[in-house]
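Chain and residue survey
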Amino acid sequence: MKISNYKSSLIILSIFAVLSVTALAEGKRSPQYGECMDAVDYGAFKNTQWASCGEQELKLQDATLNSEYAKLRKSLSPEQRELLIKGQKSWLKYREDWCRFDEQGPSAPGGIAGYVFCLLEITDKQIDLIKDLQF
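Residues numbered from 1 in each chain as written. Predicted model: local features only at pLDDT ≥ 70, side-chain atom pairs only at ≥ 80, totals over all residues. Heavy atoms only, no water.

**Considering the overall build of the protein**
From N to C terminus, the protein includes five helices and zero strands. Helices (α) and strands (β) of the protein occur, in sequence order from the N terminus, as α-α-α-α-α. The burial tally for the protein puts 36% of its 135 residues in the buried class. If you take every contact in the protein between residues at least 6 apart in sequence, the share linking residues at least 24 apart comes to 66%. Roughly 8,600 Å² of accessible area belongs to the protein as shown, and the carbon and sulfur atoms make up 60% of that amount. (Helix = DSSP H or I, 4+ residues; strand = E, 2+ residues; numbered from the N terminus. Buried < 20%, exposed > 50% of the residue type's maximum accessible area, 1.4 Å probe, protein only. Contact = heavy atoms within 4.5 Å. Areas by Shrake-Rupley, 256 points an atom, 1.4 Å probe, with all protein chains shown as cover.)

As structure tokens, this is what we get:
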């Protein structure tokens, strides 16, 4: 009986963790993302549904990142541009490696949903950083 209660508690905590991550990022997310997340069958506890919503949103965030990156790159000297490109390539590797860790790590929800949520969070931060560097 205690094991069943433990599993139930873990499931509830995982759902709250996902909802918290979603709420924190809500200001940066598209309306489509909110609609997708609202349509997830939480009773079924399906990471793949969350991941699907996140993957759709990641396409939008990556487009924003690329647009902001292009704006910044145009404003830089050739030397700065070269360093920016090198830094961005390193950042892409970091993002992938860190989020693969997150996918396997101890945090909820883990799995593919954890991986995609991680990509979204780190991409948001990079967009903000690049916007702050534009002049």
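We are not done yet, so read on.
**Focus: the nonpolar core**
Formed by 25 residues in total, the largest nonpolar core has its most connected members in Y33, M37, W50, C53, C99 and F117. Of all the secondary-structure elements, those providing two or more residues to this core are helix 2 (31-39), helix 3 (47-74), helix 4 (78-104) and helix 5 (111-133). Among the elements that line this core, the one with the most residues is helix 5, at 10 residues. (Core = buried A, V, L, I, M, F, W, Y, C linked by side-chain atoms within 4.5 Å.)

**Overview of the environment of Q61**
Along the polypeptide, Q61 turns up in helix 3. In this structure Q61 comes out as buried when scored by relative accessible area, which is 8%. Taking the C-alpha atoms as reference, Q61 lies 8.3 Å from I127; in sequence the two are 66 residues apart. Residues in contact with Q61, not counting those within four places in the same chain, are K28, R29, L120, T123, D124 and I127.

**With respect to the environment of V116**
Here V116 is to be found in helix 5. Of the residues examined, V116 reaches a relative accessible area of 1% and is grouped as buried. Put simply, V116 and G54 are 62 residues apart on the chain and 5.8 Å apart in space, counted from C-alpha to C-alpha. Excluding residues within four positions of it along the chain, V116 makes contact with A51, G54 and E55.

**Some thoughts on the packing of helix 4 against helix 5**
Taken N-terminus to C-terminus, the directions of helix 4 and helix 5 make an angle of 150 degrees; their axes are 8 Å apart at the nearest point. By the angle between their axes, helix 4 is roughly antiparallel relative to helix 5. Viewed along their axes, helix 4 and helix 5 form a crossing whose handedness is right-handed. On the side of helix 4, the interface is formed by Q88, W91, Y94, R95, E96, W98, C99, R100, D102 and E103, while helix 5 contributes G111, I112, G114, Y115, C118, L119, I122, T123, Q126 and I130. Classifying every residue of the contact of helix 4 with helix 5 by side-chain character gives 10 nonpolar, five polar and five charged. (Axes fitted to C-alpha atoms, helices over the stretch in contact; angles between N-to-C directions. Parallel < 35°, antiparallel > 145°, perpendicular 65-115°, else oblique. Left-handed = near helix turned anticlockwise from the far one by under 90°. Nonpolar A, V, L, I, M, F, W, Y, C, P; charged D, E, K, R; others polar.)

**Side note on the packing of aromatic side chains**
Following the criterion strictly, the structure yields two aromatic pairs and no others. Between the aromatic rings of Y94 and W98, the centroid separation amounts to 6.4 Å while the plane-to-plane angle is 20 degrees, which identifies the pairing as stacked. With Y94 and W98 both in helix 4, this residue pair falls four residues apart, about one helical turn. Here Y94 falls in the partly exposed class, since its relative accessible area comes to 42%. (Phe/Tyr/Trp six-rings, centres within 6.5 Å; stacked < 30°, edge-to-face > 60°.)

**Notes on the packing of helix 3 against helix 4**
For the pair helix 3 and helix 4, interaxial distance at closest approach is 10 Å and the crossing angle is 160 degrees. Considered as vectors, helix 3 and helix 4 are oriented roughly antiparallel to each other. Like other packed secondary-structure pairs, helix 3 and helix 4 cross with a definite hand, here right-handed. Of helix 4, the residues touching helix 3 (which contributes L58, D62, L65, Y69, L72, R73 and K74) are R81, L84, I85, Q88, W91 and R95.

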